[in-house]
Amino acid sequence: AAGMLFFGLLLSARGGRRDLAPDLLRAAPLGFLGIFANQILFLTGLKRTSVAHSAILIAMLPVFVLLLSALERFEPVSLPKVAGILIAFAGVSVIALERGIDFEGSYTRGDLLTLAGVLAFAAYTVFGKPALRDLGPLRLTGLAFLTGGAGILLVALPAAVRQDWTSVSTTALWCLAAVVVLATIVAYILYYFALSRIDPSKVGAMMYLQPVTAAAIAYFIAGDSFSAPFLLGSGLVLAGVVLTERG
């Protein structure tokens, strides 16, 4: 709801009513894939699988982006790109497997939902590339939020109404605001901004930096420690990302 309100006001202030209908039709599939399907499938899948499973499946995103981008002939497949993505994927796997992985059949449904969410975001990435040339990152992200966000609002509104917001602490509300503003609105804008300038596979490879960045923040803020597997995995992630970007 906050994302829809923000982008609605932003598009209106920037003359967003001009050619709104055709632009909305073009952005609607991207909103469904990257906003609605990705978020709903990921959150639903996470409740039905383990964190380690989820981390490894999400790490498949750059692989799917590269394959889909190559199939659509949006970018060439080079050896450095393939090698870099595989090395970074190995690094994420090392980090995720540090806490162990469970092959229980009960996780299958959650794994499939998470994988479907990853595929949806890969399509959002690749098919957003040509639309960015005409609409630009800010307008395309805004229109995608208006369409995909409307779907999420319909699904989440009943739970939001039932929630006792008076029982939520001030700290939790500030954290929620940070998630909405930084991890959602700003992150989506920057993602398409980067995609408008470099190959889809290179943007996707940057996602490998998420667990490394999260651990670094936890180290400085929460006092978490770095284990040997994490340091090894982080080194592989950084090496893989650098190799992919140079490819």
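Residues numbered from 1 in each chain as written. Predicted model: local features only at pLDDT ≥ 70, side-chain atom pairs only at ≥ 80, totals over all residues. Heavy atoms only, no water.

A. Just the overall build of the chain, in detail. From N to C terminus, the chain includes 11 helices and 0 strands. In the chain, the order of α-helices and β-strands from amino to carboxyl end is α-α-α-α-α-α-α-α-α-α-α. Out of the 247 residues belonging to the chain, those deemed buried represent 38%. Across the chain, the fraction of contacts at a sequence separation of at least 24, relative to all contacts at a separation of at least 6, is 88%. Approximately 13,400 Å² of the chain is accessible, and the part contributed by carbon and sulfur atoms is 70%. (Helix = DSSP H or I, 4+ residues; strand = E, 2+ residues; numbered from the N terminus. Buried < 20%, exposed > 50% of the residue type's maximum accessible area, 1.4 Å probe, protein only. Contact = heavy atoms within 4.5 Å. Areas by Shrake-Rupley, 256 points an atom, 1.4 Å probe, with all protein chains shown as cover.)

B. Seen up close, the pattern of salt bridges. Evaluation of the coordinates by the stated rule reveals 4 salt bridges. Here Lys 81 makes a salt bridge to Asp 199, at a shortest N to O gap of 3.0 Å. Of this pair, Lys 81 sits in helix H5 (residues 79-97) while Asp 199 sits in the loop between helix H8 (170-195) and helix H9 (200-205); the two residues are 118 residues apart in sequence, bridging distant segments of the chain. Residue classification places Lys 81 among the buried positions, given a relative accessible area of 2%. A single network of salt bridges, built from pairs that share partners, joins Glu 75, Lys 81 and Asp 199. (Salt bridge = Lys/Arg side-chain N within 4 Å of Asp/Glu carboxyl O.)

C. Up close: the packing of helix H6 (residues 108-135) against H8. At a closest axis distance of 9 Å, the pairing of H6 and H8 adopts a crossing angle of 60°. As summarised for this structure, H6 and H8 are arranged oblique, according to the angle between their axes. Handedness of the crossing formed by H6 with H8: right-handed. On H8, the residues touching Phe 121, Tyr 124, Thr 125, Gly 128, Lys 129 and Leu 132 of H6 are Tyr 188, Tyr 191, Tyr 192 and Leu 195. (Axes fitted to C-alpha atoms, helices over the stretch in contact; angles between N-to-C directions. Parallel < 35°, antiparallel > 145°, perpendicular 65-115°, else oblique. Left-handed = near helix turned anticlockwise from the far one by under 90°.)

What is shown is where atoms sit, not what they do.
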